[in-house]
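Next come the chains, spelled out residue by residue.
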Amino acid sequence: MADPASHLQIAHYACIAALQSIQDPLQTVKDPPELQILRTDFLSLLSFIYATTTKLSLALKPSSPTPSASISPLKDLSEKIAALSHCVRFLGPHYGSTFTREVTSAATMVITSVKSLLQTFLDNDQSKKINSTGKVADEYLVRTGTVHEIIDHTRSTLSNNNVMAVRKVLDLNHVSLDDGLQEIDAIISDQNFSNEASPDALEDNDGWAELGVDSKTPMSPEELARAKKAYTLLRMSTLLHKRIIKDVLTISPGSPSLFIREFDSLPQHSSSLVAASDELIASLYSPQNSSELSADLNAFTQVIDDLRSSLGDLLQEPTLADQMQAMHLQSSSTRTQKDPRRWFHTCFAQIQKTANDLKSILNE
């Protein structure tokens, strides 16, 4: 039977091999298991790894190690780490790319944290540092805690399916969009304050001037008009994003594969909208550069056009359209029942009109 140190090396190598396996391109699996079965197996493996790392840390506690007691946990850990990577390898387009990325990322973090824990024990074994005090001796507690924290977070937040995974990304991005909207509102409010405040109040700045940047530099009337029009534009695009989450990503697809391709395009469009909005907001600070502002506006409208094209394909799906209509009927009075898809078409049209108005202001 191999000695404990050898089992430690084997487990460490199992982590390296598992990480490499996860990084390799996924292959199409014939007759893949049901998504919920795969998800349950994945979470069960995480629970097993959680318990096994606890046993291992107790067995190899630097202050009173029991190497022989570590053999069984190390063998189990090697087996379950390999099984975890094998579970991830079952994922693919049939489950949805967004869900696949979420599970792959979680598995990678778990295996990496286990690998770091094993490396700590290897370093302690090689250096014979078995004192109960000191940075090296106590590091195993930190590493074990990291493994547990990652697993706890994954078990409590892992999406049930691809639709939920997509919504999770959009929910996170929506926070950034709201923050941006508040930022541009603050820019406008600061200008109103500057126009009304006394000279002494204006000298009490927020410290940016000391760095050569004054966040409250007075805007010209033309710059303020641009900022207000941009605020209207971003308010509508943020509302559009919110309605995508509320109306499109709350449906219950009839089958796990339904809408996967179209849904998987939404996180990228959402992230692009956040980036384009941030760039547009940054160009509104005074002094404004008309060329830069125009370029950022063009980039923003291109993102909106791309989103409209992708969302348009999704809204044409008959099953999705029927479910959206049913949800709308349940929440509306008979006098106001309309096709919910019309709202999106109207919103895109209003965004385009407002963007054109801002372009006209820039060209004046």
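Residues numbered from 1 in each chain as written. Predicted model: local features only at pLDDT ≥ 70, side-chain atom pairs only at ≥ 80, totals over all residues. Heavy atoms only, no water.

A.B. asks: Account for the nonpolar core, naming residues and giving values.
C.D. replies: Core analysis: the largest hydrophobic core is formed by 44 residues, its most contacted members being Ile244, Leu266 and Leu311. Looking at this core, the elements that each hand over two or more residues are helix 6 (162-196), helix 8 (221-248), helix 9 (260-282), helix 10 (290-315) and helix 12 (341-363). In terms of residue count, helix 8 provides more of this core than any other element does, ten residues in total. The next biggest cluster of nonpolar side chains, apart from the first, holds 40 residues, and it includes Cys87, Phe121, Tyr140 and Leu158. (Core = buried A, V, L, I, M, F, W, Y, C linked by side-chain atoms within 4.5 Å. Buried < 20%, exposed > 50% of the residue type's maximum accessible area, 1.4 Å probe, protein only. Helix = DSSP H or I, 4+ residues; strand = E, 2+ residues; numbered from the N terminus.)

A.B. asks: Account for the environment of His94, with residues named and values stated.
C.D. replies: Mapped onto the fold, His94 is located in the loop between helix 3 (67-89) and helix 4 (97-127). Counting along the chain gives 68 residues from His94 to Asn162, while the straight-line C-alpha distance between them is 9.8 Å.

A.B. asks: Give a description of the packing of helix 8 against helix 10 that names residues and reports values.
C.D. replies: One way to put it is that helix 8 packs onto helix 10 with a least axis distance of 13 Å and a crossing angle of 20 degrees. By the angle between their directions, the pair helix 8 and helix 10 is classed as roughly parallel. For the crossing formed where helix 8 meets helix 10, the hand is left-handed. In this structure, helix 8 contributes Arg226, Leu233, Leu234, Ser237, Leu240, Ile244 and Val248 to the contact, and helix 10 contributes Ser290, Leu293, Leu297, Phe300, Ile304, Leu307, Leu311, Leu314 and Leu315. The residue inventory of the contact of helix 8 with helix 10, partitioned by class, reads 13 nonpolar, two polar and one charged. (Axes fitted to C-alpha atoms, helices over the stretch in contact; angles between N-to-C directions. Parallel < 35°, antiparallel > 145°, perpendicular 65-115°, else oblique. Left-handed = near helix turned anticlockwise from the far one by under 90°. Contact = heavy atoms within 4.5 Å. Nonpolar A, V, L, I, M, F, W, Y, C, P; charged D, E, K, R; others polar.)

A.B. asks: Residues and numbers for the confidence of the model for the protein, please.
C.D. replies: Put simply, the protein has an average pLDDT of 85, and 79% of its residues get 70 or more. Of all secondary-structure elements in the protein, the lowest mean pLDDT belongs to helix 7 (residues 199-203), at 52, while helix 2 (residues 35-59) reaches the highest, 96. Note that pLDDT drops below 50 for residues 129-133; the model gives that stretch ten contacts with residues more than four away or on any other chain. Low pLDDT, under 50, characterises residues 333-337; the predicted model gives this stretch four contacts beyond four residues in sequence or across chains. (pLDDT = per-residue confidence, 0-100.)

A.B. asks: Account for the pattern of salt bridges, with residues named and values stated.
C.D. replies: Under the counting rule described, the total for this entry stands at ten salt bridges. Linking Glu139 and Arg143 is a salt bridge whose minimum nitrogen-to-oxygen distance equals 2.7 Å. Of this pair, Glu139 and Arg143 both sit in helix 5 (residues 135-157), four residues apart, roughly one helical turn. Here Glu139 falls in the partly exposed class, since its relative accessible area comes to 27%. The partner of Lys353 in a salt bridge is Asp357, with the nearest N and O atoms 3.4 Å apart. Separated by four residues within a single helix, Lys353 and Asp357 lie in helix 12, roughly one turn from each other. When its relative accessible area of 48% is taken as the criterion, Lys353 is described as partly exposed. Residue classification places Asp357 among the partly exposed positions, given a relative accessible area of 26%. When salt bridges that share partners are traced, they join Lys229, Lys353 and Asp357 into one network. (Salt bridge = Lys/Arg side-chain N within 4 Å of Asp/Glu carboxyl O.)

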